[in-house]
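Understanding the architecture of this molecule
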Amino acid sequence: MASMVKTRTRPPQAQFDELLIWVLIGLLALGLVMVYSASIATAEANKYTGYQPAYYLIRQGLYIAVGLLLGLFAFQIPVQLWQTYAPYLFLIGAAMLVLVLIPGLGREVNGSRRWLSLFVINLQPSEFMKLFAVLYAADYTVRKGKIGHLITKAFLPMLVVMALIGGLLLQEPDMGAFVVILSIAFCTLWLGGFNLKVFAALLVALPLVFSALIFSSPYRMQRVIGFMDPWSDPYGKGYQLSHALIAFGRGEWLGVGLGGSVEKLFYLPEAHTDFLMAVIAEELGLAGVAAVIALFALLVVRAFQIGRHAAFLERNFSALVAQGIGVWIGVQTMINIGVNMGVLPTKGLTLPFLSFGGSGIVVNCIAAALLLRVDYENRRIARGLAV
């Protein structure tokens, strides 16, 4: 009797990171639900929104749709092309930061000039600058990699560039974006193998710089004082933080239920943007907060794993882009959650993928598409296919 040999065939390897895609879908879907929940009362009572309860829900849905379409387009662009145009994109971002400061071009809201009015929507250049900083820092690090031990030729040029960008951001003022962009730039240099002695010096110098920035501005000083003891002036400088803490306290373990927040009813300012996490904590409790943190942790971990895979394949620019996106999302998420919990001074930073905002959502979707593109190219190269 002839023997039959059974051969096992390997299942086809996925071309995309399915876990990462589901994490992104989960964040966007949760954000859409929570933005509606946090904004419904405000929208219904506001003449600007036409007294439409679903005003912010509809706009957030449109922002997500536009972000996904642009993300799909960005995914089609090879990473090599992103590297080629990285310096030019960075210059465009810097030019937009200049334009936003020009009276008549920049739009001022609540004392901050951070938006360019495009009639239908307001464009926030600092959000796009985060993505451009990731690309520029990765390209710069790859180009200067061989002289990374030379402080004057490798490190100081980046320091000067970041100082100029920081100066523009502080004029808006937008110190939160400045902190995120600075973190992206210097973490990318560190991940790229630049001189460790420089970063040791930075650990000493940066706290002194930020202290000088705080003490030089009464606006920032008031925020720090309010953060340190919000209950000393709960109806003044500590108003926003004290109500955010009340929201966290009311949520307890499982929350008061979706839609049941009291703090969003005209007590907590910016409930659907900067302080969306406080509403999540009140309505979904510790369980909801833990779920959000877990989703972001998965996203950041996958970004670094994708970057490590790219580095193993000797795709240094792709590796630094993936890890730079991980640093960006991780740092901004930590700052936003820290502000909501009263661990950090109040900053005008949204929660990535969740908070209401056109520029932020669109740029987050493009960054996610770029991360997926790096992973896609990694998988094809590992299988011996062309990208």
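Every chain begins its residue count from 1, and numbering advances along the sequence as written. The model is predicted, so local features are restricted to residues of pLDDT at least 70 and side-chain atom pairs to those at 80 or more, both for listing and for counting; the totals for chains, interfaces and linings are taken over all residues. The basis for every side-chain value is the complete set of heavy atoms in the structure, and neither hydrogens nor water enter the calculation.

Put simply, the grid is 1 Å and covers the protein atoms alone, a cavity is a trapped set of points that fit a 1.4 Å probe, a pocket is an open set with protein on both sides within 12 Å along at least five of seven lines, and lining residues have an atom within 4 Å of a point. Grid points are joined across faces, edges and corners, and a volume is the space filled by probe spheres set on the points. All told, the structure shown has one cavity of 30 Å³ or more when counted by the stated rule. Estimates place the volume of the largest cavity at around 40 Å³. Around the largest cavity sit Leu 299, Ile 325, Ile 329, Phe 353, Asn 364, Ala 367, Ala 368 and Leu 371, which together line it. Helix numbering and strand numbering both begin at the N terminus, where a helix is a DSSP run of H or I of at least 4 residues and a strand a DSSP run of E of at least 2. Those elements that place two or more of their residues in the lining of the largest cavity are helix H11 (316-340) and helix H12 (358-382). If one sorts the elements of the lining of the largest cavity by residue count, H12 sits on top with four residues. Just so you know the grouping, Ala, Val, Leu, Ile, Met, Phe, Trp, Tyr, Cys and Pro go in nonpolar, Asp, Glu, Lys and Arg go in charged, and all remaining residues, Gly too, go in polar. A class-by-class count of the residues in the lining of the largest cavity yields seven nonpolar, one polar and no charged.

Our next topic: the side chain of Asn 336. Looking at where Asn 336 falls in the secondary structure, it is placed in helix H11. Within 3.5 Å is the distance limit for a polar contact, defined as a pair of N or O atoms, with the added protein rule that one can donate a hydrogen and the other accept it, and that residues adjacent in sequence qualify only through two side-chain atoms. Within the structure, Asn 336 has its side chain in polar contact with the backbone oxygen of Leu 349 (distance 2.7 Å). For Asn 336, the residues in contact, after removing those within four places along its chain, are Asp 274, Met 277, Leu 349, Thr 350 and Leu 351. Any two residues whose heavy atoms approach within 4.5 Å are treated as being in contact.

What follows deals with helix H6 (residues 175-191). What a helix is expected to span follows from its residue count: subtract one and scale by 1.5 Å. Between the first and last C-alpha of H6 there are 24 Å, a value that for 17 residues agrees with the 24 Å anticipated at 1.5 Å per step. In terms of burial, H6 is a largely internal element, 14 of the 17 residues being buried. Of the residues one or two after H6, Gly 193 is the one with positive phi, at around 90°. Burial classes: relative accessible area under 20% of the type maximum marks a residue as buried, over 50% as exposed, and values in between as partly exposed (1.4 Å probe, protein chains only).

Here we come to unusual backbone geometry. A cis amide bond links Glu 172 to the next residue, Pro 173, at an omega of -5°. Residue placement: Pro 173 occurs in the loop between helix H5 (151-171) and H6. Backbone geometry places Glu 314, a non-glycine residue, at a positive phi of 65°. Within the element layout of this structure, Glu 314 appears in the loop between helix H10 (276-312) and H11. Even without being glycine, Phe 353 reaches a positive phi, approximately 70°. By the element assignment, Phe 353 lies in the loop between H11 and H12. Of the residues examined, Phe 353 reaches a relative accessible area of 3% and is grouped as buried.

Relative to the elements of secondary structure, Asn 340 occurs in helix H11. We classify Asn 340 as buried; its relative accessible area is 0%. At 3.0 Å, the side chain of Asn 340 forms a polar contact with the backbone nitrogen of Ala 278. Discounting residues that sit within four places of it in the chain, Asn 340 has contacts with Leu 241, Ala 244, Leu 245, Phe 248, Asp 274, Phe 275, Leu 276, Met 277 and Ala 278.

With that out of the way, let us pick up the pattern of salt bridges. Basic side-chain nitrogens of Lys or Arg form a salt bridge, by our definition, when they fall within 4 Å of a carboxyl oxygen of Asp or Glu. By the definition in use, this model includes eight salt bridges. Here Arg 250 and Glu 282 are joined by a salt bridge, their closest N and O atoms 2.3 Å apart. Taken together, the positions of Arg 250 in helix H9 (residues 239-251) and Glu 282 in helix H10 put the pair 32 residues apart, joining distant regions of the chain. On the accessibility criterion, Arg 250 (34% relative accessible area) is partly exposed. Counted as one network, the salt bridges with shared partners bring together Arg 315, Arg 373 and Glu 377.

A pair of strands is treated as paired once DSSP finds two or more bridges between them. Strand direction decides the pairing type here: strand E1 (residues 106-109) and strand E2 (residues 112-117), joined by four bridges, are antiparallel. When the sheet's bridge partners are listed, Arg 107 is paired in E2 with Trp 115. The antiparallel hairpin formed by E1 and E2 contains two residues in its connecting segment, where Asn 110 sits at a positive phi of about 55°. Bridge count between E2 and strand E3 (residues 122-123): two bridges; the pairing is antiparallel. Residue Ser 117 lies in a different strand from E3, and its bridge partner there is Asn 122. Here E2 folds back onto E3 in antiparallel fashion, the turn holding four residues, of which Phe 119 has a positive phi close to 70°.

Looking now at the sheet that holds E1. For sheets, the rule is that strands pair by backbone hydrogen bonds, running either parallel or antiparallel. Taken together, the three strands give an open sheet; going across it, the order is E1-E2-E3, and neighbouring strands pair in antiparallel fashion. What marks the edges here is a single partner per strand, and that holds for E1 and E3.

Limitation: the analysis is restricted to geometry and does not speak to function.
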